[in-house]
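Tertiary structure, described
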Amino acid sequence: MKKAIKFMLNGDPVETLADTNVTMTDFLRRDMHLTGTKRGCEEGECGACTILLDRRPVASCLMLATEAEGHEIVTIEGIMEDGKLHPVQRQFVEKWALQCGFCTPGMIISAVALLEENPSPTEAEIRDAIAGNLCRCTGYAKIVEAIGAAAESLSRKVA
Amino acid sequence: MTMPSFDFVAAKSLDQAAEMAVSLGGKCQIMAGGTDVMPLLRDRLIRPELVVSLREIPGLDKIEFKPGEGLRIGALATLDQIQASPAVRDNLPAVAEAAHYVASKQIRCKGTMAGNICNASPSADTACILIVMGAKILTTKREIQIGDFFKGVKKTCLEPGELVREIFVPELKSGEGSGYLKHAVRKAMDLAIIGVASWVRMDGQKIADCRMAFGGAGVTPLRALQAEKHLKGKTYSEALLEEAAVLAAADAKPISDVRASAEYRSDMIRVYAKRSFKRALETLRS
Ligand SMILES: Cc1cc2nc3c(=O)[nH]c(=O)nc-3n(C[C@H](O)[C@H](O)[C@H](O)COP(=O)(O)OP(=O)(O)OC[C@H]3O[C@@H](n4cnc5c(N)ncnc54)[C@H](O)[C@@H]3O)c2cc1C
Ligand code: FES
Ligand code: FES
């Protein structure tokens, strides 16, 4: 069964048909050809599929594509600003906050959402914000460092 | 992941959703944040013909505090909105803390408190604090005392097609405090091994009234009635609390599973009964 949906995807309007029983993760990867959003556990545990729904981080594996109707979706592909890496992305590169990279899109989405809500988070607040994003490689220390550095660079930009 | 085929509709009002649920019965699945429903759909544990989303119903996500009365939490307010709301944090901090205990940011940004209690998991993190606060559940049909709400694992007293509109939590009055503490293996993203909530009204050093409830040690969240009885009307002391905590553990009917053994659960109820009661004492309203 398919349903017509209209929503904003990474800043552009989209009007298309979506299967009623498809998750947002699969819809983005298969129908929208946006494969940055990863498919991990598919049960809300790992955070690899994190996207922004109306600027809030959600697990796209626990969302139906049809729920996007009338809403704004941002994926990792929509995080760059004016063709430049977002400060969170840049700091992930500079601080070596990734190894295999599978968790990275979800981590970055969670971090971007955190900094929009709380521009100067403590380390505990950073760790709380990414508690739903699992990483098998880095041990998290570099990720926490990168998010802290991004917060600093963003606050310098505003000042 | 392919899920079984079903139709999807975003309800325009709670009454419309309730009508569909009544007329279609078991073929209709009501969904709010979907954080419990989606895994069930995926694992084919439910096979509805129609999924009815409540998310687009206007006005159901309100969080309002009225001094002299209490807090009204709309059925679609997300756990994230509840834990971040100044109205909740300032007036009923333990409710904000319980909401924050659920899963992760990603789950809280979609999951609701109404969904958390309607799903009726014995370890639902928001259940115990609502029980000790004497919350009321306002549905499409009636008002339900939270103490009558839970009927078993995944079972509530809601009738077919009866939907939750709002959760009402009475305010803390002068001399009253409450707390909820959860014990889990991981701090985040882990169902509680057990959780204990306490509410207390102090009259100087005397415990004028109190309520205690625990989750994860029975088919529903349960009141620790023996412990409450032991505490009421007495002067507070560490020794008295220890005696009550032992009684709370005796009230529990825990099971052994992958998370913990029954013995461990009972003992953790003893420990967390004390901690949550102390937390309630720390947060007494002046
Ligand atoms: C990875 C993961 C970790 C989790 N960790 C925790 C945890 O630590 N602690 C915890 O307590 N929970 C946890 N949960 C469970 C879950 O997130 C909560 O139970 C959530 O609050 C449910 O809300 P929802 O809006 O998503 O409900 P849904 O999934 O939409 O619905 C749940 C049930 O409630 C019914 N329902 C929803 N709204 C209404 C309404 N207004 N009226 C009548 N019925 C309604 C639905 O029909 C369904 O049966 C976890 C879930 C996941 C996926
Ligand atoms: S794939 Fe969605 S949380 Fe793991
Ligand atoms: S970098 Fe490999 S999972 Fe995080």
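This text goes with the structure placed above it.
Described in the following lines is the structure provided in the data block. Keep in mind that what you see is a predicted model, and the values were worked out from it rather than measured.

Describing the site of ligand 1
Taken together, 34 residues surround ligand 1, and among them A32, T35, D36, T112 and D125 of chain B come closest. Neighbouring residues of ligand 1 are distributed over chains A and B. Between Q29 of chain B and ligand 1, the recorded distance is 3.2 Å, taken from a side-chain N or O atom to an oxygen atom. The fraction of the free accessible surface of ligand 1 (1000 Å²) that becomes covered by protein chains is 92%.

Considering the packing of helix 10 (residues 238–251) of chain B against helix 11 (residues 262–282) of chain B
Helix packing for two helices is described by the angle between their axes and how far apart those axes are. Residues and elements named next belong to chain B. It is the contact of helix 10 with helix 11, at a shortest axis distance of 8 Å, that shows an interaxial angle of 135°. As the angle between them shows, helix 10 and helix 11 are arranged oblique. Helix 11 is crossed by helix 10, and the crossing has right-handed handedness. Contact with helix 10, carried on its side by E238, L241, E242, A245, V246, A248 and A249, involves S266, I269, R270, A273, K274, F277 and K278 of helix 11 and no other residues of that element. A breakdown of the residues in the contact of helix 10 with helix 11 according to their chemical character gives eight nonpolar, one polar and five charged.

Some remarks on the sheet that holds strand 1 (residues 2–9) of chain A
All names here are of chain A. Read from one edge of the open sheet, five strands run 2-1-5-3-4, paired in mixed fashion. Both outer strands of the open sheet, strand 2 (12–19) and strand 4 (56–59), are each paired with one neighbouring strand and no more. On average, adjacent strands in this sheet sit at an angle of 45° to one another, irrespective of strand direction. Across eight bridges, the pairing between strand 1 and strand 2 is antiparallel. When the sheet's bridge partners are listed, A4 is paired in strand 2 with L17. Contacts from helix 3 (residues 104–117) reach strand 3 (50–53), strand 4 and strand 5 (72–74) within the one sheet, and its direction differs from that of strand 3 by about 35°.

Here we look at the nonpolar core
All names here are of chain B. I73, V95, I129, F149, I167 and V169 are the most contacted members of the largest nonpolar core, which totals 59 residues. Those elements that provide at least two residues to this core are helix 2 (37–42), strand 5 (70–74), helix 3 (79–84), helix 5 (93–101), helix 7 (113–119), helix 8 (127–132), strand 10 (164–170) and strand 12 (194–203). At six residues, the largest contribution of residues to this core is made by helix 8. Residues I194, V200, V271 and F277 belong to the second largest nonpolar core, which totals 30 residues.

Calculation notes
- Residues numbered from 1 in each chain as written.
- Chains lettered and ligands numbered in written order.
- Predicted model: local features only at pLDDT ≥ 70, side-chain atom pairs only at ≥ 80, totals over all residues.
- Heavy atoms only, no water.
- Near = heavy atom within 4 Å.
- Polar contact = N/O pair within 3.5 Å; in protein donor to acceptor, adjacent residues only side chain to side chain.
- Areas by Shrake-Rupley, 256 points an atom, 1.4 Å probe, with all protein chains shown as cover.
- Axes fitted to C-alpha atoms, helices over the stretch in contact; angles between N-to-C directions.
- Helix = DSSP H or I, 4+ residues; strand = E, 2+ residues; numbered from the N terminus.
- Parallel < 35°, antiparallel > 145°, perpendicular 65-115°, else oblique.
- Left-handed = near helix turned anticlockwise from the far one by under 90°.
- Contact = heavy atoms within 4.5 Å.
- Nonpolar A, V, L, I, M, F, W, Y, C, P; charged D, E, K, R; others polar.
- Pairing = 2+ DSSP bridges.
- Core = buried A, V, L, I, M, F, W, Y, C linked by side-chain atoms within 4.5 Å.
- Buried < 20%, exposed > 50% of the residue type's maximum accessible area, 1.4 Å probe, protein only.

It is worth stressing that arrangement in space is one thing and function is another; only the former is reported here.
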